[in-house]
Amino acid sequence: MKKLLFLLVACGIFAMTACKHTLTYPVARKVDTVDNYFGTKVADPYRWLENDTSRETADWVKAENEVTFAYLEKIPFRNKIHERLTKIWNFPKYGVPFREGPWYFYFKNDGLQNQSVLYVMKGLDGQPKVLLDPNTLSPDGTIALAGLSPSHGGKYLAYSISRSGSDWNEVCVMEIGTGKHLPDTLKWVKFSGMAWKGDGFYYSRFAQPAPGQELSSQNQNHKVYFHTLGTAQAEDKLVYENPKEPKRSYNTQVTEDEHYLFMYESETTDGVALYYKDLTAKKDMPFKKLAEGFDYEYSVLDNIGDKFLIVTNFMAPKKKLILMDPARPDPKDWKTLIPEENDVLESADLVGDLMVATYMQNAVNKSFVYDLSGKFLHEIELPGLGTVSGFSSKRGDNIAFYGFTGFRYPTTVFKYDAKENKSVIYRQPEIDFKGEEYETKQVWFLSKDKTSVPMFIVYKKGTELNGKNPTLLYGYGGFNISMTPNFSISRTVFLENGGIYALVNLRGGGEFGEDWHKSGTKEKKQNVFDDFIAAAEYLISEKYTCPEKLAMVGGSNGGLLIGAVMTQRPDLFKVAIPQVGVMDMLRYHKFTIGHAWAGDYGTSDNKEGFTYLYKYSPLHNLKKGVNYPATLAFTADHDDRVVPAHTFKFMATLQEDNAGPNPVLVRIDTKAGHGGGKPTAKLIDEATDMWSFIFYNLGMDFKK
C-alpha cells in the first residue's frame, strides 16, 4: 500500500500538462422534481431532459455540442489524428462467408465505404456480384443492414434495415437469383430474426408507438407473426402473444429441414423458456414447452431426426451440449453429448456430420471437433491466442469458414476442411500497422475481496515500465458478455504513439461461466467496479502508468462502469470516456427495452433493489466540490437502447458539480444510435474526437 501511495504522488511529477481552455457550460434549467423511494427522497432536477423531442432539450443539446466542438477544434493535432485514422482504415475488409442453397454470401468493405456491401456467388468458384449495397439507401450512410436471412434453398433473402442507428427495423424481401425486390415491407420490427418456412417467415414485432415516443416509450407486448410473401403486413398471421406478461420478448427459429419451429421466451437478458411445434403436423397445434424459464439458457443447434441438439447451462454453469427427445423433455431423460468442462463452452456449430465446439480458456478461444455422438476427435489448430467467430457451414458440407482475430491480428477469414482437419487463410487483410512490433501479456491481480481477476495488456516491445506511460483501461462487466482479444483499427493510433492498452475481464461477464456472471449482478454489482479499480491500481503499482497518465473507456453497460468508477475513485484516473452509458439506475427500466436488464441490475421498484442501486448509480453519486477526471461522454439522438437522457442528466449534473479544472464535455451525435450500423465516416469522426481528447488531456504528443 505504501508503494502504491508513493507512486500516486510521485507520478504527478512526470505528467505533461496540456493547455487548458476556459469553458463556460450551458445552464440547464432545474425543476423541483422529487421521487420518494421507500422513505428516501431523491431529487431529479433535470427530469425535463428525458423529453427527447422537446424544443428545450434540442436547444440544450445544440448548446452543449457548440461548447464541445469548440474545445475539440482547438486541439492542435486533431486533424492529424483524423488523417491517420482515415489512412489506416482504408483497406479491404471481408466477412465470413456463409452458404444457403447454391449461393455463398459474404460482406466486403472496400476500405472507406460507409456500409459493408453484401456479395453473392454461385459456388465457391462463382463470380461474385453485388446483391445488396446499403450505401445506395442513403447519401450519408445512416441506413444500415441490421439483419438478413436467406430462405432455405436460397430463393429469397429477407433483410432488415435500421435508420440512423435505431433498434427499430424495416424488413424487406428480394429474389436472390434475379436481384428483384418484392413489394413486401414489414415495419415496427425490433429484436427479431426472420425464420423461413416455405414462401414465408416468422418474425416478432411491437405495436406502432405513439407519435413522438418512438425512441423512448417502453417496448411491451412483443408478438410473433408469420408473413406470407406477396401479402400485406396487415394480413400477417398472429402466431403467439402473451398479454398477461407484456414485458416478455419472443424470438423464433426453424430447423434447416423446416420440420420444427422453436420459440424462445425471455423476461430479461438472462435465461429463456423454450417451446416448439411440429410444422409437418396436419393440424396447427399450439406450442409445447421444452424447458421452463427463466433461470437457464437454451440454444438449439438443429434437429437430428426427431431429436434436438441444444447447448444449455442447465445445472452446468460453463455449459454443455445435450440431445433432447421432445417426447421426453424432462432433464433426467436428456442425453449429454459434450459434458460441462473446466472451460466455458462458448458456442457449438455443425460442420457436415461433425460438431465444432469453441471454448474459452482464460478468455482465449480454443476449438475442438466431435462426432455427432459426442466423441472427441481432435483440436483445430488456431493461429494463436485470440478470438474465433464462426464456424459457418451447412449440414452435409465438409467445408466451413471462420474468422480469427487478436489484439495484434486483424480479423482474418479461414477456410476449414473438416475431413482433413486443416485450415488455410481464405481472406487476409493488408493493413498499415506492424503488429509484430507489439506484445500482449495476460496478468492476474487480486480484487478488493481477494478474487483473482485476469487482464490483457498490449504495448510496443521495449516499452519501459517507469510509471509514466499513457494507458487506457477498458472494461464491460455485465450481461454474461465476454471480453476476448480483438483487433481495433481505432486503437492502433494510441499504440503507435506509445500508449498501453489494458482489457480487464471483470465479473459480470461470461469469461468463466454463469457463476462469474452472477457474481457481478444485482446486489453484487459493486464487485464489477471493485475489479476495475483494482485493475487500475495494479497498473499503477507495477509501474505501467500513474493516475495522471491513465484513461478509462467503456460503452453501454461499460458506460455505467465508467460513470460509477469516476464517482467512486475520481483520484485514480485523468480521463474518463463514458459511451452511451446507463447513468440513472433508478429509472433505466422505464424506457424502451430497459426493463429487460433487470436480470443483471434489479430495479428500484422494490426496497432491496433501490438500496443497492442508489449506492452506485452514477447520476446520484456525483458530489459538489469534487475534482473529477477530464470527461468526454458520448451519446446519440437516435439511441433507443440506452436513451440519451441518461447521459444528458449525468452531464448536466457533472458540469454543475465539478470543482476542478478538467473539462467535462458531452458529444451528442445526430442520426446515430447505440452504435450498431454506424457509418464509417461517423466511426472515424468519433474515434478522432475520442483520441484527440485522450491524447490532449494525458499530455501525449501525436507523432505518426
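Residues numbered from 1 in each chain as written. Predicted model: local features only at pLDDT ≥ 70, side-chain atom pairs only at ≥ 80, totals over all residues. Heavy atoms only, no water.

**Topic: the overall build of the protein chain**
Thinking step 1. Of the regular secondary structure elements, the protein chain holds 11 helices and 39 strands.
Thinking step 2. Along the longest, intermediate and shortest principal axes, the C-alpha atoms of the protein chain span 75 × 55 × 50 Å.
Thinking step 3. Per-residue burial over the protein chain gives 59% buried out of 704 residues.
Thinking step 4. Residue pairs at least 24 apart in sequence account for 58% of intrachain contacts in the protein chain once pairs closer than 6 positions are excluded.
Thinking step 5. Here the protein chain displays about 28300 Å² of accessible surface, and carbon together with sulfur accounts for 50% of that area. (Helix = DSSP H or I, 4+ residues; strand = E, 2+ residues; numbered from the N terminus. Buried < 20%, exposed > 50% of the residue type's maximum accessible area, 1.4 Å probe, protein only. Contact = heavy atoms within 4.5 Å. Areas by Shrake-Rupley, 256 points an atom, 1.4 Å probe, with all protein chains shown as cover.)

**Here we look at the pattern of salt bridges**
Thinking step 1. Applying the stated criterion to the full structure yields 46 salt bridges.
Thinking step 2. Close ionic contact of Glu-50 with Arg-47 constitutes a salt bridge, the shortest N to O distance being 3.8 Å. Across the pair, exposure class does not vary: Glu-50 and Arg-47 are buried alike.
Thinking step 3. Notably, a salt bridge pairs Arg-248 with Glu-245, separated by 3.8 Å at the nearest N-O pair.
Thinking step 4. Accessibility expressed as a relative area gives 16% for Arg-248, which makes it buried.
Thinking step 5. Linked by salt bridges that have partners in common, Asp-35, Asp-44, Arg-47, Glu-50, Asp-584, Arg-587 and Lys-649 make up one network. (Salt bridge = Lys/Arg side-chain N within 4 Å of Asp/Glu carboxyl O.)

**Thoughts on the packing of aromatic side chains**
Thinking step 1. What the rule picks out here adds up to 55 aromatic pairs.
Thinking step 2. Consider the rings of Phe-404 and Tyr-409, whose centres lie 5.5 Å apart with planes at 80 degrees: the pair is edge-to-face.
Thinking step 3. Between Trp-691 and Phe-695 the ring centres are 6.5 Å apart and the planes differ by 80 degrees, which places this aromatic pair in the edge-to-face class. With a gap of four residues between them, Trp-691 and Phe-695 both fall in helix H11 (residues 680-698), about one helical turn apart. Comparing Trp-691 with Phe-695 shows no difference in burial state: the two are buried.
Thinking step 4. Across the ring face of Trp-168, the terminal group of Lys-190 is positioned such that the distance to the ring centre comes to 4.1 Å. (Phe/Tyr/Trp six-rings, centres within 6.5 Å; stacked < 30°, edge-to-face > 60°. Lys NZ or Arg CZ within 6 Å of the ring centre and 35° of its normal.)

**Points about helix H2 (residues 55-73)**
Thinking step 1. An ideal rise of 1.5 Å per residue puts 27 Å on 19 residues; H2 measures up with 27 Å between its terminal C-alpha atoms.
Thinking step 2. The set of residues buried in H2 consists of Thr-57, Trp-60, Val-61, Glu-64, Asn-65, Val-67, Thr-68, Tyr-71 and Leu-72. Taken end-on, H2 shows its buried residues confined to a sector of 165 degrees, consistent with a single buried face. Every exposed residue of H2 that faces more than 90 degrees away from the buried side is listed here: Arg-55, Lys-62 and Glu-73.
Thinking step 3. Among the structural elements, helix H3 (78-89), strand S38 (630-636), helix H10 (645-657), strand S39 (664-669) and H11 are those in contact with the buried residues of H2. (Expected span 1.5 Å × (residues − 1). Arc of directions from axis to C-beta.)

**A closer look at the side chain of Thr-268**
Thinking step 1. Secondary-structure assignment places Thr-268 in the loop between strand S17 (260-266) and strand S18 (272-278).
Thinking step 2. At a separation of 3.1 Å, a polar atom in the side chain of Thr-268 contacts the main-chain amide nitrogen of Asp-270.
Thinking step 3. Apart from the residues within four sequence positions on either side, Thr-268 is in contact with His-595, Ala-596, Ala-598 and Gly-599. (Polar contact = N/O pair within 3.5 Å; in protein donor to acceptor, adjacent residues only side chain to side chain.)

**Focus on the environment of Thr-647**
Thinking step 1. With respect to the helices and strands, the residue Thr-647 is situated in helix H10.
Thinking step 2. Since its relative accessible area comes to 2%, Thr-647 is described here as buried.
Thinking step 3. When the C-alpha positions of Thr-647 and Gly-559 are compared, they lie 9.4 Å apart, and in sequence the two are 88 residues distant.

**Here we look at the environment of Ser-692**
Thinking step 1. Locating Ser-692 in the fold gives a position in helix H11.
Thinking step 2. Given a relative accessible area of 0%, Ser-692 falls into the buried group.
Thinking step 3. Each C-alpha atom, one on Ser-692 and one on Arg-78, is 5.5 Å from the other, the two residues being 614 residues apart in sequence.
Thinking step 4. The residues touching Ser-692, leaving out its near neighbours within four places in the chain, are Ile-75, Phe-77, Arg-78 and Ile-81.
Thinking step 5. Only 2.6 Å separates the side chain of Ser-692 from the backbone oxygen of Thr-688, close enough to count as a polar contact.

**Notes on the sheet that holds strand S29 (residues 399-406)**
Where strands meet in a sheet, backbone hydrogen bonds hold them as pairs that are either parallel or antiparallel.
Thinking step 1. Reading across the sheet, the four strands line up as S28-S29-S30-S31 and stay open at both edges, with antiparallel pairing between neighbours. On the outer flanks of this sheet lie strand S28 (387-392) and strand S31 (422-427), each paired with one strand and no other. When strand polarity is set aside, the average angle formed by the axes of neighbouring strands in this sheet is 30 degrees.
Thinking step 2. The sheet contact formed by S28 and S29 spans five bridges and is antiparallel. Note on S29: the bridge partner recorded for Ser-392 is Phe-401. (Pairing = 2+ DSSP bridges. Axes fitted to C-alpha atoms, helices over the stretch in contact; angles between N-to-C directions.)

**A look at the pairing of strand S36 (residues 550-555)**
Thinking step 1. Within S36, six of the six residues are buried, leaving the element largely enclosed by the surrounding structure.
Thinking step 2. Side-chain alternation along S36 places Leu-550, Met-552 and Gly-554 on one buried face and Ala-551, Val-553 and Gly-555 on a second face that is also buried.
Thinking step 3. In this structure, strand S34 (residues 471-474) lies alongside S36, joined through four bridges in parallel fashion. Of the residues in S36, the one forming a bridge with Thr-471 is Leu-550.
Thinking step 4. Relative to strand S37 (residues 575-579), S36 runs parallel, the two sharing five bridges. Its bridge partner being in S37, Met-552 is matched across the sheet by Ala-576.
Thinking step 5. Taken together, S36, helix H7 (residues 557-568) and S37 constitute a β-α-β crossover, and its handedness is right-handed. (Right-handed = clockwise from strand over helix to strand, strands pointing away.)

**Comments concerning the nonpolar core**
Thinking step 1. Residues Met-455, Ile-457, Leu-473, Phe-532, Tyr-601, Trp-691 and Ile-694 are the most contacted members of the largest nonpolar core, which totals 118 residues.
Thinking step 2. With 10 residues, helix H6 (residues 526-541) is the single largest residue contributor to this core.
Thinking step 3. Every residue in contact with Ile-457, bar those within four places of it in the chain, is listed here: Glu-439, Thr-440, Lys-441, Val-443, Ile-500, Tyr-501, Ala-502, Tyr-538, Leu-539 and Tyr-544.
Thinking step 4. Listed in part, the 16 residues of the second largest apolar core include Phe-262, Tyr-276, Ala-291 and Ile-310. (Core = buried A, V, L, I, M, F, W, Y, C linked by side-chain atoms within 4.5 Å.)

**Some details on the side chain of Gln-655**
Thinking step 1. Tracing the backbone shows Gln-655 in helix H10.
Thinking step 2. Polar contacts involving the side chain of Gln-655 include one to the side chain of Glu-64, which spans 2.9 Å.
Thinking step 3. If we ignore the near neighbours within four places in the chain, the residues touching Gln-655 are Tyr-25, Pro-26, Glu-64, Val-664 and Leu-665.

**Describing the sheet that holds S34**
Thinking step 1. A sheet is described by the order of its strands in space; here eight strands give the open sequence S32-S33-S35-S34-S36-S37-S38-S39, paired in mixed fashion. Every other strand in the sheet has two partners, leaving strand S32 (438-446) and S39 as the edge strands with one partner each. Going from strand to strand, the sheet's axes swing by 20 degrees on average, the running direction of each strand aside.
Thinking step 2. Across the face of the sheet, H2 comes into contact with S38 and S39 while running at roughly 115 degrees to S39.

**Thoughts on the environment of Val-344**
Thinking step 1. By the secondary structure assignment, Val-344 is in strand S24 (residues 344-351).
Thinking step 2. The sequence separation of Val-344 and Val-356 amounts to 12 residues, and the corresponding C-alpha distance is 14 Å.
Thinking step 3. Once residues lying within four places of it in the same chain are set aside, the contact partners of Val-344 are Lys-318, Thr-358, Tyr-359, Met-360, Gly-510, Glu-511, Phe-512 and Gly-513.

**Notes on unusual backbone geometry**
It is generally the case that most residues other than glycine have a negative phi and that most peptide bonds are trans.
Thinking step 1. A cis amide bond, omega 10 degrees, links Gly-293 with the succeeding residue Phe-294.
Thinking step 2. Topologically, Phe-294 is positioned in the loop between strand S19 (288-291) and strand S20 (298-304).
Thinking step 3. Omega for the bond connecting Gly-390 with Phe-391 falls within 30 degrees of zero, at 5 degrees, which places this linkage in the cis form.
Thinking step 4. When you line up the elements, Phe-391 lands in strand S28.
Thinking step 5. With a phi close to 75 degrees, Lys-450 is a non-glycine residue in the positive phi region.
Thinking step 6. Here Lys-450 lies in the loop between S32 and strand S33 (452-460).
Thinking step 7. Although it is not a glycine, Lys-543 sits at a positive phi angle of roughly 65 degrees.
Thinking step 8. Along the polypeptide, Lys-543 turns up in the loop between H6 and S36.

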